[in-house]
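Close look at the chain arrangement
Chain by chain, the residues:
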Amino acid sequence: MSAPKKLYIKTYGCQMNVYDSERMAETLGGQGYVETKTPDDADMILLNTCHIREKAAEKVYSELGRFKGLKAEKPDLKIGVAGCVAQAEGEEIMRRQPLVDLVVGPQSYHRLPEMEAKAGAGEKVLDTDFPEEDKFEKLKRRPKAKRGPTAFLTVQEGCDKFCAFCVVPYTRGAEVSRPADRILREAEDLVERGVREITLLGQNVNAYHGAGPNGDMTLAQLIWELDKVDGLERIRFTTSHPNDMMDDLIEAHGTCAKLMPYLHLPVQAGSDKILKRMNRSHTAESYIRLIERIRAARPDILISGDFIVGFPEETEEDFQATLDLVEEVKYGTAYSFKYSTRPGTPAAERAQVDPKEADDRLQRLQALLTRQQREVQDSMVGRELGVLFEKKGRFPGQMVGKSDYLHAVHVADCDAEIGDLRRVRIVSSGANSLAGELIA
Ligand code: 5AD
Ligand code: SF4
């Protein structure tokens, strides 16, 4: 038997790309590939790219340039680009970087085996279609391969919201939900392979409306089905849109013990004028009222958010409204970005904010968010929390896991194994993590 071929995948961007990369690796496993951690000994290199902000795509081009030497040494090496940059500028990539053999958009991953065969025969192949079939059903699984305690599971893809700054509706396409039975089968398979915590993924995950036995199901109904899976201890989901935060989902946060007290609910901005121009279809006030309802159902829930500063026509007063909203909500974690122009999106045509001003606003917002994040993390000291242990720490006997609120927790002299969910008393809060001790 010939030696297995080696596949190196580098993943950029969101958790959905992490999930897709796993599935691509499993599918190419069927073509005789095993994964390698370095591009140097690879027979195939795949960059799973992100297009959400400008620098993400530029990084891909510079990474591709670095493979020039490798390809010269090893002419049979195949180089592929997947993900949202592939979808958005597939032909441009082929033109701009002749090293690339294969370009595959996010909806065509199940066609990778055929594409790999063609590339192997010396063809240049590009597939950025939006085919009808369920790619996840067609992507192969590596049966029974052992997994770590946490996993992502994509339940919904694409977006119909068309926020004025965002490429997702163009690169990932229209919103589609996977049928519930397939998701449940996949969850059971993950649990059999050692997974204890599943994060349900979707660009608009709370708009989930996949087919169930009695018509379409809501995300909350899907969560209640997953709640019945023995051995699955924790459920999370991301990313949600404020307008799709249904009553049954809010309620589940108060009643479903496996559903973790953490919610990523991007608001993007605090000024109603900017929210309107962003086409967000909610106001600052409606968002704050929504957070109040969620906190009424689950008072200790940790709220996480995304923010964009320097959106076209944002004034200092608009920016102040974002700071006010942040003060009011109090975020446990947050991701904030300077607006970056995405070709083809409505906001790209509008008057841009002075970049120096935008930098200054980003710094001010991040200072506030960092302070809040630290306060929320510090407030965990003295509490007893569930911690799912994921790996060994740097010191002998130390283990590291994640709390219910997704904070990293270090425990010294710890007899827990990877995959154990244990009660931990939090004793101190450091720069980026908590320290605790096992209870009993
Ligand atoms: N510029 C800056 N940030 C953006 N995001 C999406 N598009 C852009 C853009 N053009 C941010 C939003 C979104 C997160 C995933 O990325 O905050 O919620
Ligand atoms: Fe992009 Fe808006 Fe859809 Fe989120 S809801 S993926 S920001 S268009």
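Residues numbered from 1 in each chain as written. Chains lettered and ligands numbered in written order. Predicted model: local features only at pLDDT ≥ 70, side-chain atom pairs only at ≥ 80, totals over all residues. Heavy atoms only, no water.

**Some remarks on the sheet that holds strand S1 (residues 5-11)**
The parallel open sheet is built from 6 strands, whose spatial order is S2-S1-S3-S4-S5-S6. In the strand order of this sheet, the two ends are held by strand S2 (33-35) and strand S6 (125-127), each with one partner. Across the sheet, the mean angle from the axis of one strand to that of its neighbour is 20°, orientation sign disregarded. Relative to strand S5 (residues 102-104), helix H5 (residues 112-120) is tilted by about 165°, and along the sheet it contacts S1, S2, strand S3 (44-49), strand S4 (78-82), S5 and S6. (Pairing = 2+ DSSP bridges. Helix = DSSP H or I, 4+ residues; strand = E, 2+ residues; numbered from the N terminus. Axes fitted to C-alpha atoms, helices over the stretch in contact; angles between N-to-C directions. Contact = heavy atoms within 4.5 Å.)

**Here we look at the packing of aromatic side chains**
Within a pair of aromatic rings, the relevant descriptors are the distance that separates the centres and the angle that separates the planes. Counted under the stated rule, the structure contains 4 aromatic pairs. Each ring, one from Phe-165 and one from Phe-311, has its centre 6.2 Å from the other, and the planes form 85°; the classification is edge-to-face. On the criterion of sequence distance, the pair formed by Phe-165 in the loop between strand S8 (156-157) and helix H7 (168-171) and Phe-311 in the loop between strand S15 (302-309) and helix H13 (316-329) is long-range, its members being 146 residues apart. Taking the relative accessible area as the measure of exposure, Phe-165 reaches 10% and is therefore buried. A relative accessible area of 0% means that Phe-311 is categorised as buried. The rings of Phe-165, Phe-311 and Tyr-339 are connected pair by pair, giving a single aromatic cluster. When the ring centre of Phe-337 is taken as reference, the NZ or CZ atom of Arg-53 above it lies at 3.6 Å. Against the face of Tyr-61 rests Arg-96, its NZ or CZ located 3.6 Å from the ring centre. (Phe/Tyr/Trp six-rings, centres within 6.5 Å; stacked < 30°, edge-to-face > 60°. Buried < 20%, exposed > 50% of the residue type's maximum accessible area, 1.4 Å probe, protein only. Lys NZ or Arg CZ within 6 Å of the ring centre and 35° of its normal.)

**What about the domain arrangement of the chain?**
Segmentation of the chain into domains returns domain 1 (5-127), domain 2 (145-378) and domain 3 (384-438). Between domain 1 and domain 3, the C-alpha centre-to-centre distance is 36 Å. (Domains from an automatic or database assignment.)

**A short note on the site of ligand 1**
Close to ligand 1 lie Ile-52, Arg-53, Phe-165, Gln-268, Asp-306, Ile-308, Phe-337, Lys-338, Tyr-339, Ser-340 and Arg-342, which account for all nearby residues. Within the backbone of Phe-165, a nitrogen or oxygen atom sits 3.0 Å from a nitrogen atom of ligand 1. In the model, a nitrogen atom of ligand 1 is placed 2.8 Å from a nitrogen or oxygen of the Ser-340 main chain. Taken by itself ligand 1 offers 400 Å² of open surface, and the protein chains cover 87% of this. For the shell around ligand 1, the secondary structure elements donating two or more residues are S15 and strand S16 (333-338). Considering only residue class, the shell around ligand 1 consists of 5 nonpolar, 2 polar and 4 charged. (Near = heavy atom within 4 Å. Polar contact = N/O pair within 3.5 Å; in protein donor to acceptor, adjacent residues only side chain to side chain. Areas by Shrake-Rupley, 256 points an atom, 1.4 Å probe, with all protein chains shown as cover. Nonpolar A, V, L, I, M, F, W, Y, C, P; charged D, E, K, R; others polar.)

**Brief notes about the packing of helix H10 (residues 247-255) against helix H12 (residues 284-297)**
Where H10 meets H12, the axes come as close as 7 Å, and the angle between the chain directions of the two elements is 40°. It follows from the interaxial angle that H10 and H12 lie oblique. Between H10, through Asp-247, Ile-250 and Gly-254, and H12, the contact on the second element is made entirely by Leu-290, Arg-293, Ile-294 and Ala-297. The class makeup of the residues in the contact of H10 with H12 is 4 nonpolar, 1 polar and 2 charged. (Parallel < 35°, antiparallel > 145°, perpendicular 65-115°, else oblique.)

**Some details on helix H14 (residues 355-378)**
The first and last C-alpha atoms of H14 sit 34 Å apart over 24 residues, in line with the 34 Å expected at 1.5 Å per residue. Taken residue by residue, H14 has Ala-358, Arg-361, Leu-362, Leu-365, Leu-368, Leu-369, Gln-372, Val-376 and Gln-377 as its buried positions. On its buried face, H14 sits against S15, H13, S16, strand S20 (421-429) and strand S21 (434-438). (Expected span 1.5 Å × (residues − 1).)

**Focus on the environment of Val-381**
Note on placement: Val-381 falls in the loop between H14 and strand S17 (384-392). Contact partners of Val-381, with chain neighbours within four places excluded, come to Ile-426, Val-427, Ser-428 and Ser-429.

**So, helix H4 (residues 83-96)**
Note on helix geometry: an α-helix contains 3.6 residues per turn, so any two residues three or four positions apart are oriented the same way. For H4, spanning 14 residues, the distance from its first C-alpha to its last is only 17 Å, which falls clearly below the expected 20 Å at 1.5 Å a residue. A bend of about 90° at Glu-89 is the largest found in H4. All of the buried residues in H4 are Gly-83, Cys-84, Val-85, Ala-86, Gln-87, Gly-90, Ile-93 and Met-94. Those residues of H4 that are buried lie in contact with S3, helix H2 (54-65), S4, S5, S6 and H7. (Bend = angle between axes of the 7 residues up to and from the residue.)

**Section: the nonpolar core**
Leu-200, Phe-237 and Tyr-331 are the most contacted members of the largest nonpolar core, which has 90 residues in total. Excluding its chain neighbours within four sequence positions, the residues that come into contact with Tyr-331 are Val-267, Tyr-287, Ile-303, Ser-304, Gly-305, Phe-307, Leu-325, Val-326, Leu-369, Gln-372, Gln-373 and Val-376. The next biggest cluster of nonpolar side chains, apart from the first, holds 23 residues, and it includes Ala-56, Ala-57, Tyr-61 and Val-103. (Core = buried A, V, L, I, M, F, W, Y, C linked by side-chain atoms within 4.5 Å.)

**Looking at the sheet that holds strand S19 (residues 408-411)**
Pairing in this closed barrel of 5 strands is mixed, and the strands run S17-S18-S19-S21-S20 around the ring. Between one strand axis and the next, the sheet turns by 50° as a mean value, whatever way the strands run. In terms of strand pairing, S17 meets strand S18 (residues 399-403) through 5 bridges, oriented antiparallel. In the strand pairing of S18, Lys-392 is matched with Met-399.

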